[in-house]
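Listed below, chain by chain, are the residues.
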Amino acid sequence: MFLRGRPITMYIPSAFSNYEEMRMELPVEKLQLDWVYGYRGRDCRSNLYVLTSGELVYFIACVVVLYHVQRRTQRHYLRHTDCVRCLAVHPDRVRVASGQMAGVDKDGKPLQPSVHIWDSSTLLTLQQIGLGSFERGVGSLAFSTADDGAYLCVIDESNEHMLSVWDCARGVKQVEIKSTNESVLTVEFNPQDSSNIITTGKSHVYFWTWSGNSLTKKQGIFGKYKKPKFIQCFVFDTNRDVLTGDSEGNILTWARVAADTRTLGKGAKETYQISKQTRAHEGSIFSLCLCRDGTVLSGGGKDRRLVQWSPNLTLVQEVEILEQFGAVRTIAEGDDGELLVGTTRNALLRGTFAEGFRPIIQGHTDELWGLGTHPSRDLFVTCGYDRQLCMWDGGEHTLAWSVTLEETGLCADFHPSGRVVTVGLSTGRWVVVDTETLQVLSGYTDGNEQLSVVRYSPNGEFLAIGSHDNFIYIYSVEESEHKYTRFGRCVGHSSFITHLDWSKDGKFIMSNSGDYEILYWDVAGGCKLLRNRFENRDREWASYTCVLGFHVFGVWPDGSDGTDINSLCRSHHERVVAVADDFCKVHLFQYPCAKPKAPSLVYGGHGSHVTNVRFTHDDGYLISMGGKDTSIFQWRVLAGSRSTSSPQDAGAST
């Protein structure tokens with residue numbers, strides 16, 4: 001095969017004597033999204049609601065998650081083609097509107113952003129609104145409430161932040177106007193009057209009047225009060241006054257006053273002026289929530305406080321969110337006085353003022369690269385740029401534990417005993433962590449470049465470490481995985497190591513590098529480079545995670561530049577190979593995949609390059625990780641038969 005015009009020679013194994021007649025077909029197995037770990041709270045707002053079904057609705061990457069806390073179940077709305085950025089729930093608390101970013105396809109062509117209105121009980125899309133109308137993405141959404149959710153207000157991410165109102169039933173635009181060149185953070189209809197819309201954002205609060213095909217705005221005047229840099233959030237209180245939360249930590253009460261029809265036009269009914277300033281938080285207020293009993297909740301950024309206020313804004317009670325979860329990003333009211341809090345460190349918390357808050361969903365907060373699956377249980381570890389090493393329980397769908405690493409974690413692997421996990425860091429250092437005590441048992445440094453792969457041999461006697469300094473370091477493993485002794489070094493690659501695999505007998509290694517070499521090494525014989533690659537054509541490999549090799553070269557797309565595939569993994573039963581590509585997709589191919597242009601089942605949902613894939617110990621699940629979207633997907637592997645399998649059954653395309 002050729003990558004960037006460079007020939008890569010692969011020798012056909014003896015077992016493939018009928019290679020010319022071999023046909024590549026779609027795999028019998030399929031994937032079905034089982035669980036999504038994580039939540040996007042770091043840079044999004046108004047993204048957590050409670051539906052009539054009792055499910056929470058929130059998003060991460062391209063997936064809108066419906067999570068039933070008591071039943072511990074998730075359902076997933078998967079129709080978006082790029083990252084979801086905002087949510088709104090219809091007054092019936094069944095229909096949901098979700099807006100996405102523009103994105104690009106795999107050829108670099110821009111995809112148009114849009115809003116999906118969908119039924120949360122059936123997950124069926126009812127309307128796709130605004131295809132071709134919005135620029136860059138959809139930033140804010142709101143359903144009207146005075147007329148049973150007949151209209152949807154949308155603000156896009158263009159320079160002018162276009163504000164448009166749409167008929168939900170017909171998907172038809174009613175009116176559109178440029179709102180402001182400054183960032184817009186929130187939009188809402190007046191709950192009593194759909195002709196009145198409010199937007200807030202950088203240095204502004206605008207009161208809009210909608211009449212027919214026109215929209216007019218009146219700017220909120222701060223007068224004697226200091227104008228904040230950002231108005232982050234607002235709610236209508238029980239008096240129909242508007243409460244805004246700002247970057248100064250103040251809640252401003254905007255009272256209704258009679259409108260001046262000469263300046264606002266005949267349709268104007270009322271306007272707002274500041275009647276009161278309440279000091280609420282140190283630093284920004286990220287969220288305000290009006291509760292069913294008329295009290296108001298405010299959530300702070302810098303001080304991480306969640307505060308309950310009486311209807312006249314007297315402090316009732318408060319609680320501080322633990323620092324490990326970050327600041328309060330959004331607040332939703334559950335049943336029986338229970339509160340749900342989304343945080344800036346991508347956690348969802350559940351609790352009360354009296355009993356405190358505990359996490360129900362947790363996630364990473366920065367780009368992910370390292371992934372390892374347990375040799376005998378449904379456990380896996382992940383690590384990335386946030387310096388967290390996390391152990392996840394795939395059966396319970398929970399975070400089992402997390403520890404903070406000294407530096408960025410880029411790769412990880414379990415010892416065959418499952419008692420320890422080794423993590424390669426960005427500085428050439430690697431550490432061995434006890435999976436029960438969470439103690440770092442050992443720490444070593446090889447070179448001063450980042451480590452891209454760490455792999456134990458099948459019998460656990462050796463550990464191989466692939467570095468960006470072009471070397472593979474081999475250690476012998478002793479004393480119940482506590483002691484590591486340098487055994488040798490594999491020297492011969494002319495670029496950085498990207499992937500490696502051990503042979504089934506634990507004596508040989510196959511490795512790939514940044515310049516698309518495939519090299520073979522005799523580890524047991526002294527880490528020697530095997531120059532006659534033809535003699536390795538029949539060697540059997542304990543795992544297959546090298547992206548270049550005869551058994552998998554068919555996964556590469558036509559015209560690839562060599563960076564299109566970040567990771568692949570053969571299943572333990574050796575029937576399928578999963579691929580993580582640079583275009584947000586997970587692929588499932590038949591294994592061996594040794595013919596060009598092999599067909600695959602294609603699964604979307606990630607919102608950035610997919611950095612890693614691994615099957616769990618019994619091939620029951622496939623784990624995939626989005627890089628910058630910080631999401632971890634757990635896919636159920638469904639067995640099938642050739643006569644009945646259809647890619648659409650599990651939401652795939654071919």
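Within an unreviewed UniProt entry, the label attached to the protein chain reads EMAP like 3, and the organism entered is Varanus komodoensis. Per UniProt, the comment on the protein chain under Sequence similarities (unreviewed entry) is "Belongs to the WD repeat EMAP family."

### Things to note about the UniProt feature "transmembrane region" (unreviewed entry) in the protein chain
Annotation from UniProt places "transmembrane region" (unreviewed entry) at residues 48-69. Secondary structure across residues 48-69 comprises 0% helix and 59% strand; the distance between its end C-alpha atoms is 13 Å.

### Some words on the sheet that holds strand β9 (residues 95-100)
Taken in spatial order, the four strands of this open sheet run β8-β9-β10-β11, and their pairing is antiparallel. Here the strands that pair on one side only, and so sit at the sheet edges, are β8 (84-89) and β11 (125-129). The average undirected angle you get between the axes of adjacent strands in this sheet is 20 degrees. When strand β10 (residues 115-119) meets β11, the two strands line up antiparallel, connected through four bridges. Along β11, the bridge assignment pairs W118 with T125.

### Considerations on the packing of aromatic side chains
Counted according to the given criterion, the structure contains 28 aromatic pairs. Between W430 and Y444, the aromatic rings sit 4.5 Å apart at their centres with planes inclined by 20 degrees, giving stacked as the arrangement. Of this pair, W430 sits in strand β38 (residues 429-434) while Y444 sits in strand β39 (residues 440-445), placing them 14 residues apart in sequence. Owing to a relative accessible area of 0%, W430 belongs among the buried residues under this scheme.

### Quick word on the environment of A578
With respect to the secondary-structure elements, A578 resides in strand β49 (residues 576-581). Taking relative accessible area as the criterion, A578 reaches 0% and is therefore assigned buried. C-alpha separation for the pair A578 and S494, spaced 84 residues apart in sequence, amounts to 28 Å. Not counting chain neighbours up to four residues away, the residues in contact with A578 comprise S567, L568, C569, H587, L588, V613, F615 and L622.

### Let's talk about the pairing of β10
For β10, a buried count of five out of five residues is recorded, marking the element as mostly surrounded by other parts of the structure. Neither face of β10 is left uncovered, since the one carrying V115, I117 and D119 and the one carrying H116 and W118 both have all their residues buried. Where β9 and β10 come together, five bridges link them in antiparallel fashion. Counterpart to S98 in the pairing with β10 is H116.

### A short note on unusual backbone geometry
The residue after Y591, namely P592, is reached through a cis peptide bond having omega -5 degrees. Mapped onto the elements of the fold, P592 is located in the loop between β50 (586-590) and β51 (601-603). Phi at R240 takes a positive value of approximately 70 degrees, unusual for a residue other than glycine. The residue R240 is located in the loop between β20 (231-236) and β21 (242-246) in this model. A positive phi angle is found at L438, which is not glycine, with a value near 65 degrees. In this structure, L438 sits in the loop between β38 and β39. Residue classification places L438 among the partly exposed positions, given a relative accessible area of 27%.

### Overview of the nonpolar core
The nonpolar side chains of a soluble globular protein tend to be buried, and buried together. By size, the foremost hydrophobic cluster in this structure holds 45 residues, and its most contacted members are L56, Y58, Y67 and L622. Per-element accounting of this core gives the leading share, five residues, to strand β3 (residues 30-37). If we skip the residues at most four places from it in the chain, L622 touches L31, A578, V586, V613, R614, F615, F633, Q634, W635 and V637. If you look at the next biggest cluster of nonpolar residues, it comprises 31 residues, including M24, Y520, Y544 and V547.

### A closer look at the sheet that holds strand β27 (residues 315-320)
Within the open sheet, the four strands sit side by side as β24-β25-β26-β27. Their pairing is antiparallel. In the strand order of this sheet, the two ends are held by β24 (285-290) and β27, each with one partner. Looking at each pair of strands side by side, their axes are set apart by 15 degrees on average, direction ignored. By the bridge criterion, five bridges tie strand β26 (residues 305-309) to β27 in an arrangement that is antiparallel. Bridging from a neighbouring strand, V307 pairs with E318 of β27.

### Some thoughts on the pairing of strand β34 (residues 388-393)
Along β34, six of the six residues are buried, which leaves the element largely enclosed by surrounding structure. Of the two faces of β34, the one lined by Q388, C390 and W392 and the one lined by L389, M391 and D393 are each fully buried. As judged from the five bridges shared by strand β33 (residues 379-384) and β34, these two strands associate in the antiparallel manner. Paired with F380 across the strands is W392, a residue of β34. As consecutive antiparallel partners, β33 and β34 are separated by three residues, and within that stretch R387 has a phi angle of approximately 65 degrees, a positive value. Bridging between β34 and strand β35 (residues 398-404) involves six bridges; their strand directions are antiparallel. Paired with Q388 across the strands is T404, a residue of β35.

### Notes on the confidence of the model for the protein chain
Mean pLDDT over the protein chain: 94, with 96% of residues reaching 70 or higher. Counted against residues more than four places away or in other chains, residues 643-649, with its pLDDT under 50, gives nine contacts.

### Observations concerning the pattern of salt bridges
Tallied over the full model, the rule gives 28 salt bridges. Salt-bridge contacts for R636 lead to D34; the nearest nitrogen and oxygen are separated by 3.1 Å. Taken together, the residues R636 in strand β54 (residues 632-638) and D34 in strand β3 connect sequence positions 602 residues apart. Overall, the relative accessible area of 13% leaves D34 in the buried class. The residue E333 makes a salt bridge to R292 at a minimum N-O spacing of 3.8 Å. With a gap of 41 residues between them, E333 in strand β28 (residues 328-333) and R292 in the loop between β24 and β25 (296-300) connect regions that are remote in the sequence. Taking the relative accessible area as the measure of exposure, E333 reaches 18% and is therefore buried. Salt bridges linked by common partners bring K504, E540, R570 and E574 together as one network.

Parameters and conventions
Residues numbered from 1 in each chain as written. Predicted model: local features only at pLDDT ≥ 70, side-chain atom pairs only at ≥ 80, totals over all residues. Heavy atoms only, no water. UniProt positions renumbered as here; feature names shortened; annotations may be inferred. Helix = DSSP H or I, 4+ residues; strand = E, 2+ residues; numbered from the N terminus. Pairing = 2+ DSSP bridges. Axes fitted to C-alpha atoms, helices over the stretch in contact; angles between N-to-C directions. Phe/Tyr/Trp six-rings, centres within 6.5 Å; stacked < 30°, edge-to-face > 60°. Buried < 20%, exposed > 50% of the residue type's maximum accessible area, 1.4 Å probe, protein only. Contact = heavy atoms within 4.5 Å. Core = buried A, V, L, I, M, F, W, Y, C linked by side-chain atoms within 4.5 Å. pLDDT = per-residue confidence, 0-100. Salt bridge = Lys/Arg side-chain N within 4 Å of Asp/Glu carboxyl O.

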